[in-house]
Amino acid sequence: MTTLRGTLAPGAPDYVYLPFEVPPGTAELQVSYTYDRPAVPPGTPGNALDIGLFDERGTELGGRGFRGWSGGARTEFRVRADEATPGYLPGPLNPGTWHIALGPYTVAPQGLRYEVTVTLTGGGPGRTPTPSYPPARAAGRGRDWYRGDCHLHSWHSDGRRTPAEIAALARAAGLDFINSSDHNTTAAHAHWADAAGDDLLVLLGEEVTTRNGHVLALGTDPGTFVDWRHRARDHRWARFAREIRRAGGLAVPAHPHGDCVGCAWKFGFAEADAVEVWNGQWTPDDEVTLAAWDARLVSSARADRAWLPAMGDSDAHRDPDVVGHPQTVVLAEDLTREAILEGLRAGRSYVAESRAVSLVFTVTAEGGRRAGIGERLTAPADAPVTVRLEARGAPRCSVRLVTDQGVVLTGEPLPVAGAGAVEWRTTTAHAAYVRAELRHEAAAGPLPGAMAAFTNPVFLNAA
């Protein structure tokens, strides 16, 4: 048994590595840790210390030696060749210098005293099981609208649900696909095969949780690890965004205006493939994110530049978090990893608070030419075009149409039955794009109500 003690001062490095030796013939590694939590004045962060593990291959950026991360969710873990605590990777316990990785999330003014105990047990080398991953295809309906939640946490990070429990809740929410996105670990990837099925496509990924914001690595190849140990000032984000795409996935900044420590996105959006505009319950930071996303649409629409599609996810961790609130509804050619990611990348999607809400949103020019969500319609600058929204499952919700000029129409609340349609006419000279929102009735005053659903835009080009 080895005990490692120390004190971290305010302003300590983001990550501190504690070396220890693993001798030949080690069959199991157990780690436990504690740290002090002194009283602090109101408004002053106290101590919070994350933990992870790197093996004899080292701690270099890129994660060759990565063996697991539990953040602050666990006070102890173990690793063997044949199994490991959730959040950690089973595999050989090769001899050499291993490292405990400590992440002082916040440090009190008095400092942070820690004690880490490493216990090694001898024995045979054990056999590491071959991982079994979920299939990249489920039984779909051909070209159709598919519902998914791409930001979910299991007990492999700071969630409290097993993959099987999450899958059951996803099915109950009417979802067709989900994405595994545990914080800074891929340990869950090998535990989703039994939870997937013909009716549920399970994509694999990671919530890359840096000190300057979080990003979803969405739909990557099984086992793809994306390192989180960098800040915006290090200019490393572009490298890891390219790694996500090389692994077949999308880079999606999560809750970019979140107000928790380290949650707000500081890396910019040049390397993003989409952005999570709605995260969990609709709150003021979602409203800010929506406004910032819309401002980027304005700047790109007339220049015909690339634009950033919006998504919505639950970020569910534990009860009472609701899986599938909200959910992204994407038009895809089939229920496959490739088709779903292509639909999300193209912005052929809308976000709804539940499976009860469904939308049809189109823009039609004279002569019958039509464009849907995420598409472009070209028409003479002065020729009228008709914008039409059909909604179901949104009782007493008001429709708002938004263009690069701002909110151009606010309709009367839909009937209690929840179904209705709104039409509006414009021209490509007056609207570079149009998108729709469904809002619940506001509690008071002129503020918009909480979101029930919103669409990605339809772009309008002048011929």
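Calculation criteria
Residues numbered from 1 in each chain as written. Predicted model: local features only at pLDDT ≥ 70, side-chain atom pairs only at ≥ 80, totals over all residues. Heavy atoms only, no water. Helix = DSSP H or I, 4+ residues; strand = E, 2+ residues; numbered from the N terminus. Polar contact = N/O pair within 3.5 Å; in protein donor to acceptor, adjacent residues only side chain to side chain. Contact = heavy atoms within 4.5 Å. Disulfide = S-S within 2.5 Å. Buried < 20%, exposed > 50% of the residue type's maximum accessible area, 1.4 Å probe, protein only. Pairing = 2+ DSSP bridges. Axes fitted to C-alpha atoms, helices over the stretch in contact; angles between N-to-C directions.

The name given to the protein in an unreviewed UniProt entry is CehA/McbA family metallohydrolase, with the source organism recorded as Streptomyces sp. 900105245.

Tracing the backbone through its elements, the reader meets R161 in the loop between β9 (144-152) and α1 (163-172). Within polar-contact distance, the side chain of R161 engages the backbone oxygen of D321 at 2.8 Å. Contacts of R161, omitting those with residues within four sequence positions, involve S154, W155, I166, L169, A316, H317, R318, D319, D321 and V323.

So, about the state of the cysteines. All chains considered together, the criterion is met by one disulfide. At a sulfur-sulfur separation of 1.6 Å, the disulfide partner of C260 is C263. Residues C260 and C263 are joined by a disulfide whose S-S torsion is about -85 degrees; by sign, that bridge is left-handed. Judged by its relative accessible area of 40%, C260 falls in the partly exposed class. Residue C263 is classed as buried on the basis of its relative accessible area, which comes to 3%. Cysteine C150 shares no disulfide, and the gap to the nearest cysteine sulfur, in C263, comes to 19 Å.

So, on to the sheet that holds strand β13 (residues 213-218). The three strands lie next to each other as β12-β13-β14, forming an open sheet whose pairing is antiparallel. In the strand order of this sheet, the two ends are held by β12 (206-210) and β14 (250-254), each with one partner. Recorded for the sheet is a direction-independent mean angle of 25 degrees between the axes of neighbouring strands. Relative to β14, helix α2 (residues 237-246) is tilted by about 125 degrees, and along the sheet it contacts β13 and β14.

What follows is about unusual backbone geometry. Here the residue pair D319 and P320 is connected by a cis peptide bond, since its omega of 10 degrees sits within 30 degrees of zero. One can find P320 in the loop between β16 (310-313) and β17 (327-332). Here H325 and P326 are connected by a cis peptide whose omega angle stands at 0 degrees. Structurally, P326 can be placed in the loop between β16 and β17. Its identity as a non-glycine residue notwithstanding, H235 has a phi of 55 degrees, on the positive side. Locating H235 in the fold gives a position in the loop between β13 and α2.

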